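What follows is the residue order along each chain.
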Amino acid sequence: MLIVEDELYLAEAIRDGLRLDAIAADIAGHGDAALELLGVNTYDIAVLDRDIPGPSGDEIATHIVESGSGMPILMLTAADRLDDKASGFGLGADDYLTKPFDLRELVLRLRALDRRRAHARPPVRELAGLRVDPFRREVHRDGRYVALTRKQFAVLEVLVAAEGGVVSAEDLLERAWDEHADPLTNAVRITVSSLRKRLGEPWLIATVPGVGYRIDA
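- In the nomenclature of an unreviewed UniProt entry, the chain is known as Response regulator transcription factor of Pseudonocardia ailaonensis.

**Let's talk about the packing of aromatic side chains**
- For the structure on display, the rule yields 1 aromatic pair.
- Their ring planes at 40° and their centres at 6.1 Å tell us that phenylalanine 89 and tyrosine 96 sit as a pair that is tilted.

**Brief notes about the UniProt feature "modified residue: 4-aspartylphosphate" (unreviewed entry) in the chain**
- Mapped onto the present numbering, the UniProt feature "modified residue: 4-aspartylphosphate" (unreviewed entry) falls on Asp49.
- Tracing the backbone shows aspartate 49 in the loop between β3 (46–48) and α3 (57–67).
- Ignoring sequence-local partners within four residues, the contact set of aspartate 49 consists of Val4, Glu5, Asp6, Gly57, Leu76, Thr77 and Lys99.

**Some details on the pattern of salt bridges**
- Using the criterion set out here, one finds 11 salt bridges in the structure.
- Salt-bridge contacts for aspartate 95 lead to arginine 109; the nearest nitrogen and oxygen are separated by 2.7 Å. Placement of aspartate 95 in strand β5 (residues 95–98) and of arginine 109 in helix α5 (residues 103–119) is noted, with a sequence separation of 14 residues between them.
- Aspartate 95 sits in the buried class, given a relative accessible area of 13%.

**Here's the deal with the sheet that holds β3**
- Reading across the sheet, the 5 strands line up as β2-β1-β3-β4-β5 and stay open at both edges, with parallel pairing between neighbours. Edge positions in the sheet fall to β2 (26–28) and β5, since each of these pairs with one other strand and no more. Taken pair by pair, the neighbouring strands of this sheet meet at an average axis angle of 20°, ignoring direction.
- Alignment of strand β1 (residues 2–4) against β2, held across 3 bridges, turns out to be parallel. Note on β2: the bridge partner recorded for isoleucine 3 is isoleucine 27.
- Contacting β1, β2 and β4 (73–77), helix α1 (residues 8–19) crosses the sheet at an angle of about 160° to β1.

**Here's the deal with the packing of helix α6 (residues 150–161) against helix α7 (residues 169–176)**
- Interaxial distance between α6 and α7 falls to 10 Å at its minimum, and their mutual angle equals 125°. Classed by the angle they form, the pair α6 and α7 counts as oblique. Like other packed secondary-structure pairs, α6 and α7 cross with a definite hand, here right-handed. Note on element contacts: α7 touches α6 through Leu172, Arg175 and Ala176, opposite Lys151, Ala154, Val155, Val158 and Leu159.

What counts, and where the lines are drawn
All residue numbers refer to positions counted from 1 along the written sequence of the respective chain. Local features in this predicted model are restricted to residues of pLDDT 70 or higher, and side-chain atom pairs are both shown and tallied only at a pLDDT of 80 or more, whereas totals for entire chains, interfaces and linings draw on every residue. To get the side-chain values, all heavy atoms of the structure are used, and hydrogens and water are removed first. Stacked, tilted and edge-to-face pairs are distinguished by plane angle, under 30 degrees for stacked and over 60 for edge-to-face with tilted covering the rest, among Phe, Tyr and Trp rings (Trp via its six-membered ring) whose centres lie within 6.5 Å. UniProt positions are given in the numbering used here, feature names are shortened, and annotations may be inferred rather than shown by experiment. Put simply, DSSP marks the helices as runs of H or I at least four residues long and the strands as runs of E at least two long, and each gets a number from the N terminus on. By definition, residues are in contact when any of their heavy atoms lie within 4.5 Å. Think of a salt bridge as a Lys or Arg side-chain nitrogen and an Asp or Glu carboxyl oxygen that are within 4 Å of each other. Buried, partly exposed and exposed residues are distinguished by accessible area as a fraction of the type maximum, computed with a 1.4 Å probe on protein chains only: under 20%, between the cut-offs, and over 50%, respectively. Pairing between strands is defined by DSSP: at least two bridges between the two strands are required. Lines fitted to the C-alpha atoms define the axes, with helices restricted to the stretch that makes contact. Angles between their N-to-C directions range from 0 to 180 degrees. Here is the rule for angles: anything less than 35 degrees is roughly parallel, anything more than 145 is roughly antiparallel, 65 through 115 is roughly perpendicular, and the remaining ranges are oblique. Note on convention: the crossing is left-handed when the near helix lies turned anticlockwise from the far helix by less than a right angle, right-handed when the turn is clockwise.

Set out below in structure tokens:
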């Protein structure tokens, strides 16, 4: 999980205590570090202090919610008024624990969040040797991990969900890009081409001339 806390001694104490319960954690001491870690790693839960340097804990929470990752957020903060809690939950927090706190209570709350998160995970899809995990945003081909960009992953998700059916370029543009995408763009063709190369030979993505693309199962 990710611990966003600017008091280093406290952050390290939490991390070391979580390790005793077999929970691994990274520490971010300010908002910019948190955003950087969120951009390169996949976390199960984020533990946020609200009052941190740089982008605030509230801004980090908003970023997580808007990313659509579904990552649970526990706010761990000295802001203990009812209005503070109400605003925290309003931002998308799943739980709220005020300082000072008991580490054992934090662990119990994190375990509960993780159980709820597990029930909400989207299903892992498997097709033609591909294993696509939408929750962890991981792809394996015949047991080999394949690193993809976010756009490549989004395109692959749509193609695998079609289970070998043909998906038009228009559908891919609508489902893997945002509403502002130019319908005349060649972004779909370029992304499919790069995705095909990332997955390796023999090629898995077939082009159906004049129609679209499909996974060659």
